[in-house]
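Structural features, examined
Now for the letters of each chain:
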Amino acid sequence: MAAAGPSVFLLMVNGQVESAQFPEFDDLYCKYCFVYGQDWAPTAGLEEGISQITSKSQDARRALVWNFPIDVTFKSTNPYGWPQIVLSVYGPDVFGNDVARGYGVVHLPFSPGRHKRTIPMFVPESTSKLQQFTSWFMGRRPEYTDPRVLAQGEGREEQPGR
């Protein structure tokens, strides 16, 4: 009798990045990527993508609407390292350079069905007044070279004295 191999399960994600609220910005676009553990493997769909540029809606909400589709399937033998989606939103500054307007991350839902997530967004800040002035003057604000670091737990320990 042949030995049975490890059993796998599938996680299928079909949805969209619908919209965002950035009251002080316009003409933004969105990027996404997935971060997952080493037992996980994508089997279908795209692991990352970039949306079109959108402008604020003309209604009272003034939302930025992308309706950016996401369709991906993962397989795994272990729930450890459950996939997370990392969103990065970019748009022009006063000099016309694309700068980061927000980063956010959330785990994919654990249960089947229809889910809606609101993802809080943030931007990194310079650590000193001199760096803040220099980055503003040069038109290069702080941003992540690889936004995937947001989904990792390393370096998140609270520092003594803070």
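Scroll up to find the structure.
Described in the following lines is the structure provided in the data block. (Residues numbered from 1 in each chain as written. Predicted model: local features only at pLDDT ≥ 70, side-chain atom pairs only at ≥ 80, totals over all residues. Heavy atoms only, no water.)

As for unusual backbone geometry
Both trends apply: most residues other than glycine have a negative phi, and most peptide bonds are in trans. One non-glycine residue with positive phi stands out, namely R62, at about 55°. Although it is not a glycine, N67 adopts a positive phi angle of roughly 50°. Exposure remark for N67: the relative accessible area of 41% places this residue in the partly exposed category. (Buried < 20%, exposed > 50% of the residue type's maximum accessible area, 1.4 Å probe, protein only.)

Structural notes on the environment of V35
With respect to the secondary-structure elements, V35 resides in strand 2 (residues 29-35). Given the relative accessible area of 14%, V35 is considered buried. Sequence-wise, V35 and I85 are 50 residues apart; in three dimensions their C-alpha atoms are separated by 6.5 Å. Apart from the residues within four sequence positions on either side, V35 is in contact with W82, P83, Q84, V86, R148 and A151. (Helix = DSSP H or I, 4+ residues; strand = E, 2+ residues; numbered from the N terminus. Contact = heavy atoms within 4.5 Å.)

So, the nonpolar core
Ranked by internal contacts, the top residues of the largest apolar core, which has 22 residues, are F34, W66 and L108. Within the residue set of this core, elements represented by two or more residues are strand 1 (9-20), strand 2, strand 5 (64-76) and strand 6 (84-92). Setting aside chain neighbours within four positions, we find F34 in contact with L46, E47, I70, V72, F74, Q84, I85, L108 and R148. Of all hydrophobic cores here, the second largest spans nine residues; its members include A100, Y103, L150 and A151. (Core = buried A, V, L, I, M, F, W, Y, C linked by side-chain atoms within 4.5 Å.)

Considering the layout of surface pockets
Counted as a void, the largest pocket has a volume near 1,100 Å³. Every residue lining the largest pocket is counted, 33 residues in all, and those nearest its centre are Q16, V17, H115, K116 and R117. Among the elements that make up the lining of the largest pocket, the one with the highest residue count is strand 1 (ten residues). (1 Å grid on protein atoms, 1.4 Å probe; cavity = no way out; pocket = protein on both sides within 12 Å on 5 of 7 lines; lining within 4 Å. Points joined across faces, edges and corners; volume = space filled by probe spheres on them.)

A closer look at the packing of aromatic side chains
For the structure shown, the criterion picks out 14 aromatic pairs. The residue whose ring lies beneath K31 is Y90, and the NZ or CZ to ring-centre distance is 5.1 Å. (Phe/Tyr/Trp six-rings, centres within 6.5 Å; stacked < 30°, edge-to-face > 60°. Lys NZ or Arg CZ within 6 Å of the ring centre and 35° of its normal.)

Points about the sheet that holds strand 1
Taken together, the three strands give an open sheet; going across it, the order is 1-5-3, and neighbouring strands pair in antiparallel fashion. Here the strands that pair on one side only, and so sit at the sheet edges, are strand 1 and strand 3 (40-45). Looking at each pair of strands side by side, their axes are set apart by 35° on average, direction ignored. As defined by bridge partners, strand 3 adjoins strand 5 across five bridges and the pair is classed as antiparallel. Paired with G45 across the two strands is V72, which belongs to strand 5. (Pairing = 2+ DSSP bridges. Axes fitted to C-alpha atoms, helices over the stretch in contact; angles between N-to-C directions.)

Observations concerning the pairing of strand 2
By the criterion of burial, strand 2 is predominantly enclosed, with six of the seven residues buried. The pairing of strand 2 with strand 4 (residues 48-50) spans three bridges and is antiparallel. Bridge pairing links C33 to E48 in strand 4.

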